[in-house]
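Chain by chain, the residues:
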Amino acid sequence: MNQITVYTTNTCPYCTMLKNFLNTQGLPYKEVNVQMDQAAANKLVQTTGQLGVPQTEINGQWVLGFDPETIMSLVK
């Protein structure tokens, strides 16, 4: 089973594209809205060194931005 967590904000169009892509592929995911959760935002920056969203953790690997090819290469 894949462990997918998507870090998003309310106003990010690429976040919406990413969630729609995952839904189309039938891949369940957990969403963390860093705009609403400052502690999660701080932890994300500490972990990845990146401020931008979407950021997606898939089975312990990180994908920055909307990158369907990389996402599909990481899912089992």
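This text follows the structure it describes.
So, here's what we can say about the structure.

Calculation notes
Residues numbered from 1 in each chain as written. Predicted model: local features only at pLDDT ≥ 70, side-chain atom pairs only at ≥ 80, totals over all residues. Heavy atoms only, no water. Buried < 20%, exposed > 50% of the residue type's maximum accessible area, 1.4 Å probe, protein only. Helix = DSSP H or I, 4+ residues; strand = E, 2+ residues; numbered from the N terminus. Pairing = 2+ DSSP bridges. Right-handed = clockwise from strand over helix to strand, strands pointing away. Arc of directions from axis to C-beta. Contact = heavy atoms within 4.5 Å. Polar contact = N/O pair within 3.5 Å; in protein donor to acceptor, adjacent residues only side chain to side chain.

**Some points on the pairing of strand β1 (residues 4-8)**
Then, number 1: The buried fraction of β1 amounts to five of the five residues, a majority that puts the element mostly inside the structure.
Then, number 2: Burial along β1 is two-sided: Ile-4, Val-6 and Thr-8 facing one way and Thr-5 and Tyr-7 facing the other are all buried.
Then, number 3: Pairing between β1 and strand β3 (residues 55-58): four bridges, direction antiparallel. Looking at the pairing, Val-6 lines up with Thr-56 of β3.
Then, number 4: For the crossover that starts at β1, traverses helix α1 (residues 13-24) and ends in the parallel strand β2 (residues 30-33), the hand is right-handed.

**Remarks on helix α2 (residues 38-48)**
Every α-helix carries 3.6 residues per turn, so stepping three or four residues along brings you back to the same face.
Then, number 1: The complete set of buried residues in α2 reads Ala-40, Ala-41 and Leu-44. Around the axis of α2, the buried residues are gathered within 100° of arc, so they sit on the same side. Every exposed residue of α2 that faces more than 90 degrees away from the buried side is listed here: Gln-38, Ala-39, Lys-43 and Gln-46.
Then, number 2: Check the buried side of α2 and you find it contacts β1, β2, β3 and β4 (61-64).
Then, number 3: Capping of α2 at its N-terminal end is provided by Asp-37; its side-chain oxygen lies 3.3 Å from the backbone amide nitrogen of Ala-39.
Then, number 4: Looking one or two residues past α2, Gly-49 carries a phi angle of roughly 75°, positive in sign.

**Some details on the side chain of Thr-56**
Then, number 1: Residue position: Thr-56 is located in strand β3.
Then, number 2: Classification of Thr-56 as buried rests on a relative accessible area of 0%.
Then, number 3: Excluding residues within four positions of it along the chain, Thr-56 makes contact with Ile-4, Thr-5, Val-6, Leu-18, Gln-61, Trp-62 and Val-63.

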